[in-house]
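Coordinate inspection notes
Residue-level listing of the chains:
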Amino acid sequence: MGNYLNIGNAGFTSIRKGIYVDKTGMISFMNSILGTADKMVCVSRPRRFGKSFAAKMLCAYYDKSCDSGALFQGTEIAKDSSFEKYLNKYNVIYLDITLFTSRAASTKDVVKNIDEAVRKEVEESFPDVPKGTDLAETLANTARAIGEKFIMIIDEWDVVFREAKNDMSVQKEYIFFLRSLFKSSWTDATFDAAYITGILPIKKYNTQSAMTDFQEYTMLAPKRLVEYVGFTEAEVRELCEGHGMEFEQLKRWYDGYTFQRVKSVYNPSSVMEAVKNQELGNYWTRSETYE
């Protein structure tokens, strides 16, 4: 297991040990688009809406360096016909862009640090594969040599735009980096899926030239992923019944979103904090700016 390539299932293991709401049905959706023209997914939501939880869940499911069968027993995905077919069958690259920005001496170093760190790990894991001049070429060479495609998961992909919002040179370098991965002749031969999370939609950052092949699932238009935006009413009812809380009180506090397919969606962070603390409160506004 590495820091970026095949990081294992420790993240999802810790999630499963706490109060858990089963969102593994999303894996069935991802399995249905593997290797298709819709294989690149961008999910944008505010902070505290479970984006990192989903990314860790996908790592645990696809990562071939670990055995996650027991972790998913009793979950929705375990009942799906695709469960065994793709369970722990992929080399997965997981990038937490917030980690790279926080560790960089300057935002100008972020892209270089990502490229060098991940490329080094891939080259060490596959020493017989010809080295590339950058990460995109290295991954393309590796996928071709081993006859296996990668799954790329990027959490908070847009943090570079937020941290370097006035530095167009950094933004341009990052766009070129993304384009080399996801908008080149190597992309289809390298990846069976890409799953990236962010706070705002792609169009907010004028990155269409690099990201046009991504299917966007936003807070305003979650489409097939609507039930994974937050907690559904049925999920909140079950939490309340299992932890001795009054559902109607939680509904008055946290039932803040309505979509065509799912009428009531609750902020997951606030509901979980209320259940853990056995107390209602403005948990989301304590951890997120109003803007």
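Attention here is on the structure that accompanies the text. All of these numbers come straight from a predicted model, not from anything done at the bench.

Turning to helix α13 (residues 247–254), a few remarks are in order. Residues of α13 that are buried include every one of Phe247, Leu250 and Tyr254, and no others. Taken down its axis, α13 places every buried residue within 65° of arc, on the same side.

Next up on the list: the pairing of strand β3 (residues 150–155). A large share of β3 lies buried, amounting to six of its six residues. Where burial is concerned, the two faces of β3 agree: the one with Phe150, Met152 and Ile154 and the one with Ile151, Ile153 and Asp155 are both buried. Pairing of strand β2 (residues 91–96) with β3, which is carried by six bridges, proceeds in the parallel orientation. Following the sheet pairing, Leu95 is matched in β3 by Ile154. Of the pairings in the sheet, the one linking β3 to strand β4 (residues 191–198) comprises five bridges and is parallel in character. Counted as the bridge partner of Ile154 is Ile196 from β4.

With that settled, consider the layout of surface pockets. Within this model, the largest pocket holds a volume of roughly 850 Å³. Arg48, Phe49, Gly50, Lys51 and Phe53 are the residues nearest the centre of the largest pocket, which is lined by 31 residues in total. Listed by contribution, the elements that provide at least two residues to the lining of the largest pocket are α1 (10–17), α3 (51–62), α14 (268–277) and α15 (283–287). Of the residues belonging to the lining of the largest pocket, the class tally is 16 nonpolar, seven polar and eight charged.

Moving on to the side chain of Thr232. Within the fold, Thr232 resides in strand β6 (residues 231–232). Classification of Thr232 as buried rests on a relative accessible area of 15%. In this structure, Thr232 is in contact with Lys23, Glu227, Val262, Ser264 and Tyr266, ignoring residues within four places of it in sequence.

A few words now on the nonpolar core. One finds Leu95, Met152, Trp157 and Phe182 to be the most contacted residues of the largest nonpolar core, which totals 43 residues. The element contributing the most residues to this core is helix α9 (residues 168–182), with seven residues. Not counting residues within four places of it along the chain, the set of residues in contact with Phe182 comprises Met40, Met152, Ile154, Thr187, Phe191, Ala194, Ala210, Asp213 and Phe214.

This part covers the sheet that holds β6. One open sheet accounts for three strands, arranged β6-β8-β7; its pairing is antiparallel. Single-partner strands in this sheet number two, and they are β6 and β7 (255–257). Taken together, the two bridges between β7 and strand β8 (residues 265–266) define a ladder with antiparallel strand orientation. Across the sheet, residue Tyr257 finds its bridge partner in β8, namely Val265.

So, on to the sheet that holds strand β5 (residues 215–217). Strand order in the open sheet made by the five strands is β2-β3-β4-β1-β5, with parallel pairing throughout. Bordering the open sheet on either side are β2 and β5, each of which pairs with just one other strand. If you compare each strand with its neighbour and ignore which way they point, the axes differ by 15° on average.

For residues other than glycine, phi is negative in most cases, and the peptide bonds are mostly trans. Phi angles above zero are rare outside glycine, and Asn88 is one such case at about 55°. Mapped onto the secondary structure, Asn88 falls in the loop between α4 (83–86) and β2. Overall, the relative accessible area of 12% leaves Asn88 in the buried class. Of note, the phi angle at Lys223 is positive, near 50°, even though the residue is not glycine. By the secondary structure assignment, Lys223 is in the loop between β5 and β6. Take Lys223: its relative accessible area is 40%, and that puts it in the partly exposed class.

Moving on to the packing of aromatic side chains. Evaluated as defined, the whole model comprises 16 aromatic pairs. For the pair Phe12 and Phe72, a centre-to-centre distance of 5.0 Å together with 20° between the ring planes defines the contact as stacked. One end of the pair, Phe12, is in helix α1; the other, Phe72, is in the loop between α3 and α4, and 60 residues separate them in sequence. We classify Phe72 as buried; its relative accessible area is 0%. Among the aromatic residues, ring-to-ring pairing joins Phe12, Tyr20, Tyr61, Tyr62, Phe72, Phe83 and Tyr90 into one connected group. We note Arg16 situated over the ring of Tyr20; from NZ or CZ to the ring centre the distance is 4.6 Å.

Thresholds, definitions, all that
Residues numbered from 1 in each chain as written. Predicted model: local features only at pLDDT ≥ 70, side-chain atom pairs only at ≥ 80, totals over all residues. Heavy atoms only, no water. Buried < 20%, exposed > 50% of the residue type's maximum accessible area, 1.4 Å probe, protein only. Helix = DSSP H or I, 4+ residues; strand = E, 2+ residues; numbered from the N terminus. Arc of directions from axis to C-beta. Pairing = 2+ DSSP bridges. 1 Å grid on protein atoms, 1.4 Å probe; cavity = no way out; pocket = protein on both sides within 12 Å on 5 of 7 lines; lining within 4 Å. Points joined across faces, edges and corners; volume = space filled by probe spheres on them. Nonpolar A, V, L, I, M, F, W, Y, C, P; charged D, E, K, R; others polar. Contact = heavy atoms within 4.5 Å. Core = buried A, V, L, I, M, F, W, Y, C linked by side-chain atoms within 4.5 Å. Axes fitted to C-alpha atoms, helices over the stretch in contact; angles between N-to-C directions. Phe/Tyr/Trp six-rings, centres within 6.5 Å; stacked < 30°, edge-to-face > 60°. Lys NZ or Arg CZ within 6 Å of the ring centre and 35° of its normal.

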